[in-house]
Amino acid sequence: MNETLQQELLQELPEFRKKTQQFLNKEISMKDYKGFSGGYGSYAQRGGDRFMLRLRMNQGRLTKEKLQFIVEECRKYGITRTHCTTCQTVQLHDVSGDVLDKVMEDALQCGIVMRGGGGDFPRNVMCSPLSGVDPEEAFDVLPYAEKTGEYLLSIINKYSLPRKLKTVFSNSKKNETHANFRDLGFIANDDHTFDVYCCGGLGNNPMMGVKVGDHVNPEDILYYVNTMVLLFMEHGNYTNRARARSRYMQETLGAEALKAEFAEKVDLAKKNLDHKITVEERTIAKTGVVHEALPERMLAQKQKGLYAVSYHPLCGNVAIDKWEEIYGVIRDMDEVEIRLTPQEGMYIINLTYDEAMQVLEHTNDGARTSFEASVSCVGSLTCQVGLRDSNGVLYRLIEACRPYQFAEGVLPRIFVSGCPSSCGTNQIGTIGLQGTVKLVDKKPENAFKLSIFGNAEKDNTRFGEEKGVILEKDINDFFIRLGKMVAEDGMTFEPWTKEHADKWNALLAKYL
């Protein structure tokens, strides 16, 4: 963030402070305040007396300096609850209204931006969390994601978008950032080019993206970003917020017309704008001793002798004590930083083997299996628009299953959203749950829609097939029975559903 932008954002804070006080004085409604505050990365929580503040961590990079800020700021203002999001940001929760703007000002001074963390703005540009250190990546896409983030921040106050705009970069076919079904996504190819997709998205009426760029030269990516912004402003729905996401342009224009207009606008931009970029190749000077046999959660980087440690706090929730503990461990380690994942976890990267062993010791309170690394949005106890307590449901489910000590793979990773907004990315889960209501004897009961076999990988991308509705009170029993059945047959979940389809379908029929 350059100094000019920093000063512009600081100058906006008095107006934010004024509106927040008006809301606390009940002079403006929750709805009106949400429409204003979201653009500043803040929303009132359910009940209206406490607030969430979303700290944009550019490309999911949480440096030691920014981690230190989170620890010190939370200690200073008595903030004890944080949440890692599916958009690679950190949310501070239960913030009091009288310190909200103070935290925002301090964050800006530290180079942390909140602007556009919510509301109708370009959101945090996402990036594969292990970009630059992943041995299996096509190439390091982080420098290109950073350039895109800088560009979008430079125009964040210049344009009025119909709704939010999510831009992401993927360094491999693992497609952790869901690049082929976001508003704008770039997927790296082995020949150091990008395939580009636009107008996809989750939520109501999820849609796969439309491919608008094939083997695009990386130096040209900002022409595609600029085109997406202008196309969204021209064809996005400014009158109906429910249909104001970019994916609905597939319906209004048609996929072929959308591709044709996108290509035309990119060509025009290349003639009239100077948006070519160059990036410097990054190198890590640090070295370490190579170890062949690695413990669980430790991954070898492509830099020989360096390692990353995976840590998934349960349900994405991190107490400030844990942030402080992690900071104390990595503070004096050279070139070490945290990379937030789109699945509410993190990697601590650029560790020697001995350093990685220290980090492992201090992060053993997290997920023990891929099932325990399941994903959930914050849920209705915090979110003012949430239907179900998705976060609580997932936490209680993990606790209920732990006594059975199901082996890795017996239960799949699940994705839980409290409402149709799909912040928990339920459509891409092997099992997905989305909050809803079910009438039982003409009385409404808490429930979740259940979908199966979603997949985000590029070569096998699909949204989950909705199978029915399960009552919230039956969720623990369903998964425990499922785990027992799979374990008794000595298998893991997905092969079991194929080999024992009769048992699987009977279990679904019993609960849905």
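Preceding block: the structure.
For every chain, the first residue of its written sequence is number 1, and the numbers climb from 1 along that sequence. Local features in this predicted model are restricted to residues whose pLDDT is 70 or higher, and side-chain atom pairs enter the listing and the counts only when it is 80 or higher, whereas totals over whole chains, interfaces and linings include all residues. Side-chain measures here rest on the full set of heavy atoms in the structure, leaving out hydrogens and waters.

A. Expanded view of the overall build of the protein chain. Each helix corresponds to a stretch of at least 4 residues labelled H or I by DSSP, and each strand to a stretch of at least 2 residues labelled E; elements are numbered beginning at the N terminus. A count of helices and strands for the protein chain gives 14 helices and 20 strands. Against the compact-globule benchmark of 24 Å for 512 residues, the protein chain has a radius of gyration of 23 Å, which places it among compact chains. The principal-axis extents of the C-alpha atoms in the protein chain amount to approximately 65 × 65 × 55 Å. Residue pairs in contact within the protein chain that sit at least 24 positions apart in sequence constitute 67% of those at least 6 positions apart. Every accessible area reported is derived by Shrake-Rupley at a probe size of 1.4 Å, with residue values counting cover from the shown protein chains alone. Element-wise, carbon and sulfur atoms account for 47% of the exposed surface of the protein chain, whose accessible area totals about 21500 Å². Counted as positive: Lys and Arg. Counted as negative: Asp and Glu. His and the chain ends are not counted at all. The atom standing in for a charge is NZ when the residue is Lys, CZ when it is Arg, CG when it is Asp and CD when it is Glu. Taken together, the 63 basic and 71 acidic charged side chains of the protein chain have centroids lying 6 Å from each other. Only C-alpha atoms enter the radius of gyration, while the globule expectation follows 2.2 Å times N to the 0.38, with N the number of residues. Contacts are assigned to residue pairs that have any heavy atoms within 4.5 Å of one another.

B. Molecular detail of the nonpolar core. For this analysis, a nonpolar core means a set of buried residues of the types Ala, Val, Leu, Ile, Met, Phe, Trp, Tyr and Cys, connected via side-chain atoms within 4.5 Å. Only protein chains enter the accessibility calculation, which uses a 1.4 Å probe; a residue whose area is less than 20% of its type maximum is buried, one above 50% is exposed, and one in between is partly exposed. With 58 residues, the main nonpolar core has Leu55, Ile70, Trp323, Ile330, Ile338 and Met346 as its most contacted residues. In terms of nonpolar packing, the next biggest core, distinct from the first, is built from 38 residues, Val141, Phe194, Val212 and Val266 among them.

C. Summary view of helix α14 (residues 501-511). Looking at α14, one finds that the buried residues are Trp504, Leu507, Leu508 and Tyr511. Seen from one end, α14 has its buried residues packed into an arc of 100°, which puts them on one side. Those residues of α14 that are exposed and angled more than 90 degrees off the buried face are Asp502, Ala509 and Lys510. Taken together, the buried residues of α14 touch β18 (431-440), β19 (443-452), β20 (465-471), α12 (475-488) and α13 (493-499). Here the arc refers to the set of directions running from the helix axis out to each C-beta atom.

D. Spotlight on the pattern of salt bridges. One side-chain nitrogen of Lys or Arg within 4 Å of one carboxyl oxygen of Asp or Glu is enough to make a salt bridge. Scanning the entire structure with this criterion turns up 38 salt bridges. Across the salt bridge formed by lysine 174 and aspartate 134, the nearest N and O atoms sit 3.1 Å from each other. Taken as a pair, lysine 174 in the loop between β7 (167-170) and β8 (184-188) and aspartate 134 in the loop between β6 (126-127) and α5 (142-154) lie far apart in primary sequence, 40 residues in all. Overall, the relative accessible area of 34% leaves lysine 174 in the partly exposed class. A relative accessible area of 5% places aspartate 134 in the buried class. A salt bridge links glutamate 337 to arginine 339; its shortest N-O distance comes to 2.6 Å. Judged on exposure class, the residue glutamate 337 and its partner arginine 339 are both buried. Shared partners join several salt bridges into a network, and the residues in it are Arg61, Glu146, Arg282, Glu337 and Arg339.

E. Region of interest: the sheet that holds strand β13 (residues 317-319). Ordered by their spatial adjacency, five strands build an open sheet running β1-β2-β5-β4-β13, and the pairing between neighbours is antiparallel. The strands lining the two open edges of the sheet, one partner per strand, are β1 (42-44) and β13. Neighbour to neighbour, the strand axes of the sheet diverge by 25° on average, direction disregarded. A strand pair is defined by DSSP finding two or more bridges across the two strands. Where strand β4 (residues 81-84) and strand β5 (residues 89-95) come together, four bridges link them in antiparallel fashion. Axis lines are fitted to C-alpha atoms, over the contacting stretch for helices. Their N-to-C directions set the angle, which ranges from 0 to 180 degrees.

F. Summary view of unusual backbone geometry. In this structure, arginine 297 takes a positive phi of about 80° despite not being glycine. Turning to its location among the elements, arginine 297 is positioned in the loop between α8 (255-272) and β11 (298-300). Using a relative accessible area of 24% as the deciding quantity, one classes arginine 297 as partly exposed. Despite not being glycine, aspartate 441 has its phi angle at roughly 55°, a positive value. Its relative accessible area of 71% is what places aspartate 441 among the exposed residues.

G. The side chain of threonine 341, seen in detail. Note on placement: threonine 341 falls in the loop between β14 (337-340) and β15 (346-351). Its relative accessible area of 6% is what places threonine 341 among the buried residues. For this analysis, a polar contact is any N or O atom pair within 3.5 Å, provided that within protein one partner can donate a hydrogen and the other can accept it, and provided that sequence-adjacent residues contribute only side-chain to side-chain pairs. Engagement of the side chain of threonine 341 in a polar contact is seen with the backbone nitrogen of glutamine 343, the distance being 3.0 Å. A polar atom in the side chain of threonine 341 sits 2.9 Å from the backbone nitrogen of glycine 345. Setting aside its immediate chain neighbours within four residues, threonine 341 contacts Thr85, Gln88, Pro129, Met346 and Tyr347.

H. Highlighting the layout of surface pockets. Buriedness of a pocket was judged along seven lines, with at least five required to meet protein on both sides within 12 Å; pockets are open sets of points on a 1 Å grid over the protein atoms alone, cavities are sets where a 1.4 Å probe fits but cannot get out, and lining residues have an atom within 4 Å of a point. Grid points are joined across faces, edges and corners, and a volume is the space filled by probe spheres set on the points. Empty space within the second largest pocket amounts to approximately 1400 Å³. Surrounding the second largest pocket, 49 residues form its lining, Gln343, Tyr347, Ser370, Ala373 and Arg413 being those nearest its centre. Elements that contribute at least two residues to the lining of the second largest pocket include exactly β11, β12 (307-311), β15 and α13. Looking at side-chain class alone, the lining of the second largest pocket contains 18 nonpolar, 19 polar and 12 charged residues. Here the term charged refers only to Asp, Glu, Lys and Arg, the term nonpolar to Ala, Val, Leu, Ile, Met, Phe, Trp, Tyr, Cys and Pro, and the term polar to all other amino acids, Gly among them.

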